[in-house]
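# Summary of the model geometry
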Amino acid sequence: MLEVSGVSKSFPGVKALQDISVQFHDGEIHALLGENGAGKSTLMKIICGIYKADKGTVSLDGKELKLHGYGDAVRHHISMVHQEIQMIPEASIAENIINDKIAQFTKFGFVNWKAINEFALKYMKEVGLDLPPEKKVRFLSAAHKQLIQIAKALSADARVLLLDEPTSSLTLHEADVLFELVRKLKEKGMIIIFVSHKLEEVQVIADRVTVFRDGKLVGSDHIKNMENSRIIKMMIGRDFVYSYRGRLDAGDKDVVLEAKNITSRIHGFKNLSFQVHRGEILGFYGLVGSGRTELIRTMLNIDKCDGGEVFLEGKPVKIDSFKTALHKYKIGYVTENRKEEGLFLEHTVGTNICVNSLNKSYYGRIPFINLKKERENAGFFANRLEIKTPSLSTLAGKLSGGNQQKISIAKWLAADCDILIIDEPTVGVDIGAKEYIHELIWNLAAKEGKTVILISSDMNEMISLARRILIFKDKQITGELSGEEFFAKPGEEISAEIGKSFV
Amino acid sequence: MSKNEKLSSSGNGSKTSLPKRFFLQSYSSAIVAVIILVAVFTIFTDAFLTPFNIFNLSRTAAVYSFIGAAQLILMVIGDMNLGIGGCGALCTVVMGTLMANYGVGTFPSVLAALAVSALCGLVIGLLVVKLNLNPWIITLAMSFIFNGLAIGSSHGYSYEMTEALTWAGRKRVGMFSFLFVLMVVLVVILYIVFRHTKYGRDVLAVGGNRTAARLSGINVNWIVISCNILSCMFACIAAILWASRTGTASPNTGSDWMMYSIAVCAIGGIPLLGGSFTALGFFCGAWILTMVRNGLTMLNVDVYYEQVFLGLIILLAVSVESVRARMAEKMM
Ligand SMILES: Nc1ncnc2c1ncn2[C@@H]1O[C@H](COP(=O)(O)OP(=O)(O)OP(=O)(O)O)[C@@H](O)[C@H]1O
Ligand SMILES: [Mg+2]
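Sequence order sets the numbering: in each chain, residues are counted from 1 along the sequence as written. The naming scheme follows written order: chains are lettered A onward, ligands numbered 1 onward. Local features are withheld for residues below a pLDDT of 70 in this predicted model, meaning they are given only at 70 or higher, and side-chain atom pairs are given and counted only at 80 or more; totals for whole chains, interfaces and linings count all residues. Side-chain metrics rest on all non-hydrogen atoms present in the structure, leaving aside hydrogens and water.

## Comments concerning the overall build of chain A
Threshold: Put simply, DSSP marks the helices as runs of H or I at least four residues long and the strands as runs of E at least two long, and each gets a number from the N terminus on. Atoms considered for the radius of gyration are the C-alpha atoms alone. The globule rule reads 2.2 Å times the number of residues to the power 0.38. Categorising residues by exposure relies on relative accessible area from a 1.4 Å probe, with only protein chains included: less than 20% of the type maximum marks a residue as buried, more than 50% marks it as exposed, and the intermediate range marks it as partly exposed. In what follows, residue pairs with any heavy atoms lying within 4.5 Å of each other are defined as contacts. For the accessible areas, the method is Shrake-Rupley and the probe is 1.4 Å, while residue cover comes only from the protein chains on display.
The secondary structure content of chain A amounts to 18 helices and 24 strands. Relative to the globule expectation of 23 Å for 503 residues, the C-alpha radius of gyration of chain A, 24 Å, shows essentially globular dimensions. The C-alpha extent of chain A, read off along each of the three principal axes, is 70 × 50 × 50 Å. When burial is assessed residue by residue, chain A has 56% of its 503 residues classed as buried. Long-range contacts, defined as pairs at least 24 residues apart, comprise 67% of the intrachain contacts of chain A with a sequence gap of at least 6. Counting only carbon and sulfur atoms, one obtains 52% of the accessible surface of chain A, whose full area is about 21,500 Å².

Below you can see the structure in the form of structure tokens.
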């Protein structure tokens, strides 16, 4: 049994955890839930020695653990898979799996590659990863990287496994493979602690649920006694109502953006076309790697475009770089991968929000940045998105995952884009903030007449926001769903229909 | 912390006391180091704070600040220029040949040197961007090429400088050298550019995260190329100042610049990985290096051992800064 008792932890300006006591039993899958910034990741990092608690103790099987760093935790058979993917991109899958235990594979200073690859293969099989172990990690999708991290954690012969949002970038199928595996590990008597913002999967997999709010423990109970509505109420401190957002009259308005026959050699697709109308929310639904993100990146010439045309308001335009797309055509792109592509983690929250709208902070017409104006602009959007941060001069990397996501949306709002392409906006975002971001996206289209392309693999998100959906599968657009009648149907029916056209 | 109306104000700055706020700044250790060095050298030598020495120091510091700036502008984007010495040598020779062998006027010769340096930077920048190669290797190769051209075309001989050019090296402005005025102008411009202009912010963004910068509509290639051009032009200005200070243009100019340029930045607290800049730290970095070299000579340290002390002082500077940064993190 792993026991946390009386643990508190503060960061500059934040009480991340206050007097937390929880017990994690052998052969139990224990879910930690809570809004962004509630302290879930912090508790995990304390358990595995990455952070030192200010107060309180962690003990395993009755013995107090005094860990100095993560290496110590691994020696006590405690492994953690982080929320953010942390890998060496230039190394192979196998190297990434074994890099903390390379000594096992070395004789007289020489590395035994055959043994390493065999070892890695064994754990890759266990997580259902069917790839050559020599492949470089750089070329893999986020989902694959996530599975490699899990394989790595398992390979440490773990007794306690901490999974911080392990499914946030996995497809349903991949998540199922993972759950199958987790159940097997549980049968072996392992202690499994995991964080997730997806309540459906918590209901399916967890045995016990502990809920945090603002660094305090609100409740801990067997899953049998925790219906979703109760969990949500504990998380956000009030009842939560999910509303049908109604109609979005756009279908007959002008076509704002049209892409014709977009072709990409590196991504391997040909002749993909679509249209978006003014004030519409167009959904791109599909799994990671199905071509949805790739189509957008190619259209915007972020990745090389090998053919095709783009029309804006009916006129052909040439998007030769993303800079042109943003500054000339006012197209914004909230990337799917905030850490690597969206944020400047070592820069402040304020700088991040204003990075592509600096001209709005000029002294009138003189192209010099007025710092006060810049701070006001940043503050305005930070407040509008309710970004939780001690101050605007806090480094973006110090915020919790969900709040980082809000920053990456805020900067495009600050840049006043007419067309916003939003890729997986709520991965790793808690339910309250998710609803908030949904409301925001909806209002952008419904109230401000902005055009939105929403890329997501979250079915509920699609149904709640998009009023026309393109289905992507194997780098092709395999279907289109539209019509108000369609979206007025009950959610389950729509999901079923989407599911059908998907197979 | 759930509601943050206070975000639109300046954050928590107003509550902290002045000494603490000073301590939290990344330039504070460099400033303290300057004060300590001045005190130590004044106490232990006779000639340190004399008018002549102050003039002399300010002249040398100016040259080091431009050498440092040549490296700085690339360090902030996370790159490096190993060719600044070579570029400086080449510019010196271009200027010297024009003045001494062709009788060209001072001003046109200086302009020609600047043009050559801009071209050097453009070539480096294009190679880095188009070949997508590591800037270390490209600038290393270019450094050999620049040096080769400089030595080859001058056969290793020095050139006499014109009166007009050496005037700048001798001119006094108050206690300081005229060159020092240029240094102050440089630091002020850098300060303003990185704080108040879009170009400067874009440069910092590229240093912070290149992919994110590109996906924020910043033309990363242009930033990389322009920073390389600026770097070589700063090296050229340093070469001109050096020539005006010494009165001759030697093709050996710049042989030790690469090390010193990194030292100025490192002592000034500029992170090697890029993404941030402090003007005051940079300013102090150039002064510290100058004072240490000058002070050691005055303390009669054996010149052959001088570099040992330099190395120790750099180590000390970066360790103090690292400890300070860690403590500041806890205090914030
Ligand atoms: N290294 C750090 N330095 C400063 N503050 C931090 C640090 N790590 C976390 N925090 C703060 O502590 C609080 C708890 O963060 P934590 O990452 O544990 O949240 P979380 O529950 O995992 O949220 P999410 O669901 O968004 O991942 C947040 O307010 C966060 O800003
Ligand atoms: Mg977290």
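Additional details are given in the paragraphs that follow.
## Looking at the sheet that holds strand β22 (residues 451–456) of chain A
Residues and elements named next belong to chain A. As a reminder of what qualifies: A strand pair is defined by DSSP finding two or more bridges across the two strands. For helices, the axis comes from a line fit to the C-alpha atoms of the stretch in contact; other axes are also lines fit to C-alpha atoms, and the angle between any two N-to-C directions lies between 0 and 180 degrees.
An order of β18-β21-β22-β15-β23-β24 is seen for the six strands of this open sheet, with the pairing classed as mixed. Each end of this open sheet is capped by a strand with a single partner; those strands are β18 (331–334) and β24 (476–482). Between one strand axis and the next, the sheet turns through 15 degrees on average, direction left out of account. In the sheet, strand β21 (residues 419–423) pairs with β22 via five bridges, with the strands oriented parallel. Looking at β22, one finds that aspartate 423 is bridged to isoleucine 455. Seen against the sheet, helix α9 (residues 292–299) touches β15 (281–285), β18, β21, β22 and β23 (468–473) and runs at an angle of roughly 140 degrees to β22.

## Some details on empty space enclosed by the protein
In this approach the atoms are scanned with a rolling probe the size of a water molecule, which exposes any empty space left behind. Residues and elements named next belong to chain A. Which entries qualify depends on this criterion: Residues are called lining when one of their atoms sits within 4 Å of a cavity or pocket point, these points coming from a 1 Å grid over the protein atoms alone, where a cavity is a set in which a 1.4 Å probe fits but cannot get out and a pocket is an open set with protein on both sides within 12 Å along at least five of seven lines. Grid points are joined across faces, edges and corners, and a volume is the space filled by probe spheres set on the points. By the convention adopted, Pro, Cys, Tyr, Trp, Phe, Met, Ile, Leu, Val and Ala count as nonpolar, Lys, Arg, Asp and Glu as charged, and the other residues, Gly among them, as polar.
Inspection of every chain in the model, using the stated rule, returns one cavity of 30 Å³ or more. Around the largest cavity sit Ile29, Leu163, Pro166, Leu178, Phe179, Val182, Phe194 and Ile205, which together line it. The element contributing the most residues to the lining of the largest cavity is helix α6 (residues 172–187), with three residues. Class assignment for the residues of the lining of the largest cavity results in eight nonpolar, no polar and no charged.

## Details of the packing of aromatic side chains
Aromatic ring pairs are described here by two measures, namely the spacing of the ring centres and the angle between the planes. Filter applied, for reference: Any two of the Phe, Tyr and Trp rings considered here, Trp counted by its six-membered ring, make a pair once their centres fall within 6.5 Å; the pair's planes then place it as stacked at under 30 degrees, edge-to-face at over 60, or tilted in between.
Applying the stated criterion across every chain yields a total of 16 aromatic pairs over all chains. Judged by centre distance (5.1 Å) and plane angle (55 degrees), the ring pair of Phe119(A) and Tyr123(A) falls under tilted. One end of the pair is Phe119(A) and the other is Tyr123(A), both in helix α4 (residues 113–126) and four residues apart, which spans about a single turn. For the pair Phe277(B) and Phe282(B), a centre-to-centre distance of 6.5 Å together with 50 degrees between the ring planes defines the contact as tilted. Phe282(B) matches Phe277(B) in its accessibility class, with the two residues each being buried.

## Observations concerning unusual backbone geometry
Although it is not a glycine, His77(A) sits at a positive phi angle of roughly 60 degrees. Using a relative accessible area of 33% as the deciding quantity, one classes His77(A) as partly exposed.

## Brief notes about the site of ligand 1
Residues and elements named next belong to chain A. For clarity, the cut-off: The criterion for a residue being near a molecule or strand is simple. One of its heavy atoms has to lie within 4 Å of it. In protein, a polar contact means a hydrogen-donor-capable atom and an acceptor-capable atom, both N or O and within 3.5 Å, with residues adjacent in sequence counting only if both atoms are side-chain atoms; elsewhere, any N or O pair within 3.5 Å suffices. Those domain boundaries reflect an automatic or database domain assignment.
Around ligand 1, the structure places 20 residues, and the nearest of them are Asn36, Gly37, Ser41, Thr42 and Gln83. Interatomic distance of 2.8 Å between a side-chain N/O atom of lysine 40 and an oxygen atom of ligand 1. At a separation of 3.1 Å, an oxygen atom of ligand 1 approaches a polar side-chain atom of serine 400. Here ligand 1 has 640 Å² of accessible area as a free molecule, and 88% of this is covered by the chains. Elements supplying a minimum of two residues to the shell around ligand 1: β2 (14–24), α1 (40–47) and α14 (401–414). Here the shell around ligand 1 gets three residues from one element, more than from any other, and that element is α1. Each residue belonging to the shell around ligand 1 can be placed in one class, and the counts come to six nonpolar, ten polar and four charged. Domain assignment of the residues forming the shell around ligand 1 places at least three in each of domain 1 (2–236) and domain 3 (336–417).

## Observations concerning the state of the cysteines
Simply put, disulfide is the name for a covalent bond between the sulfur atoms of two cysteines. As a reminder, the rule being used: Note on disulfides: each one is a pair of cysteine sulfur atoms within 2.5 Å.
Counted by the stated rule, this structure contains zero disulfides over all chains. For Cys227(B), which is in no disulfide, the shortest distance to another cysteine sulfur is to Cys232(B) and amounts to 11 Å.

## Concerning the environment of Leu127(B)
For Leu127(B), the location among the structural elements is in helix α5 (residues 106–131). Residues Leu127(B) and Ile138(B), spaced eleven residues apart in sequence, show a C-alpha to C-alpha distance of 7.3 Å.

## Quick notes on the packing of α4(A) against helix α5 (residues 142–155) of chain A
All names here are of chain A. Our working rule: Should the near helix be turned counterclockwise from the far one by less than a right angle, the crossing is left-handed, whereas a clockwise turn marks it as right-handed.
The contact between α4 and α5 brings their axes to 9 Å, and the two run at 115 degrees. As for the relative orientation of α4 and α5, their crossing is right-handed in sense. Packed against α4, whose contacting residues are Phe119, Tyr123, Met124 and Glu126, the element α5 presents Ala151, Leu154 and Ser155 at the interface. For the contact of α4 with α5, the per-class residue count stands at five nonpolar, one polar and one charged.

## Here's the deal with the domain arrangement of chain A
All names here are of chain A. This is how it is decided: Each of two parts loses accessible area, computed with a 1.4 Å probe, when they are put together; buried area is these two losses added. Every case where a carboxyl oxygen of Asp or Glu lies within 4 Å of a side-chain nitrogen of Lys or Arg is listed as a salt bridge.
Parsing chain A into structural domains produces domain 1 (2–236), domain 2 (242–330 + 419–429 + 451–503) and domain 3 (336–417). The gap between the C-alpha centroids of domain 1 and domain 3 is 31 Å. Roughly 590 Å² of surface becomes buried between domain 1 and domain 3 when both sides are summed, with 44% attributable to carbon and sulfur atoms. The tally of links from domain 1 across to domain 3 stands at zero salt bridges. Inspection of the region where domain 1 meets domain 3 yields one residue pair in polar contact (both at pLDDT 80 or more).

## Examining the nonpolar core
Residues and elements named next belong to chain B. Heads up, the condition is: For this analysis, a nonpolar core means a set of buried residues of the types Ala, Val, Leu, Ile, Met, Phe, Trp, Tyr and Cys, connected via side-chain atoms within 4.5 Å.
The biggest cluster of nonpolar side chains holds 97 residues, and the ones touching the most others in it are Met95, Phe277 and Phe282. The biggest single contributor to this core is helix α11 (residues 220–246), with 15 residues. Residues in contact with methionine 95, not counting those within four places in the same chain, are Ser109, Val110, Ala113, Met161, Leu165, Ile240 and Ala243.

## Examining the packing of helix α8 (residues 178–196) of chain B against helix α9 (residues 198–208) of chain B
Residue and element names in this part refer to chain B. Here is the rule we go by: In this scheme, roughly parallel covers angles under 35 degrees and roughly antiparallel covers those over 145, while 65 to 115 is roughly perpendicular and the rest are oblique.
In the contact formed by α8 and α9, the axes pass within 5 Å of each other and the chain directions differ by 75 degrees. Relative to α9, the element α8 is oriented roughly perpendicular. For the pair α8 and α9, contact is made by Val193, Phe194, Arg195 and His196 and by Lys198, Tyr199, Gly200, Arg201, Val203 and Leu204, respectively. Here the residues of the contact of α8 with α9 are counted per class, giving five nonpolar, two polar and three charged.

## Considerations on the environment of Phe344(A)
One can find Phe344(A) in the loop between α11 (338–342) and α12 (349–354). Residue classification places Phe344(A) among the buried residues on the basis of a relative accessible area of 2%. Separated by 212 residues in sequence, Phe344(A) and Pro132(A) place their C-alpha atoms 33 Å apart. Apart from the residues within four sequence positions on either side, Phe344(A) is in contact with Asn352(A), Val355(A), Ala396(A), Ala205(B), Gly208(B), Asn209(B), Ala212(B), Ala213(B) and Ser216(B).

## Overview of the pattern of salt bridges
All names here are of chain A. Overall, the coordinates contain 29 salt bridges over all chains when judged by the stated rule. In this structure, aspartate 61 engages arginine 159 in a salt bridge whose closest nitrogen and oxygen atoms are separated by 2.7 Å. Pair noted here: aspartate 61 is in the loop between β4 (55–60) and β5 (63–65) and arginine 159 is in the loop between α5 and β9 (160–164), with a separation of 98 residues, a long-range link. The class for arginine 159 is partly exposed, based on a relative accessible area of 23%. A salt bridge links aspartate 303 to arginine 297; the shortest N-O distance between them is 3.0 Å. As far as burial versus exposure is concerned, aspartate 303 and arginine 297 are alike and both buried. Each of Asp26, Asp61 and Arg159 takes part in salt bridges that share partners, so that together they form one network.

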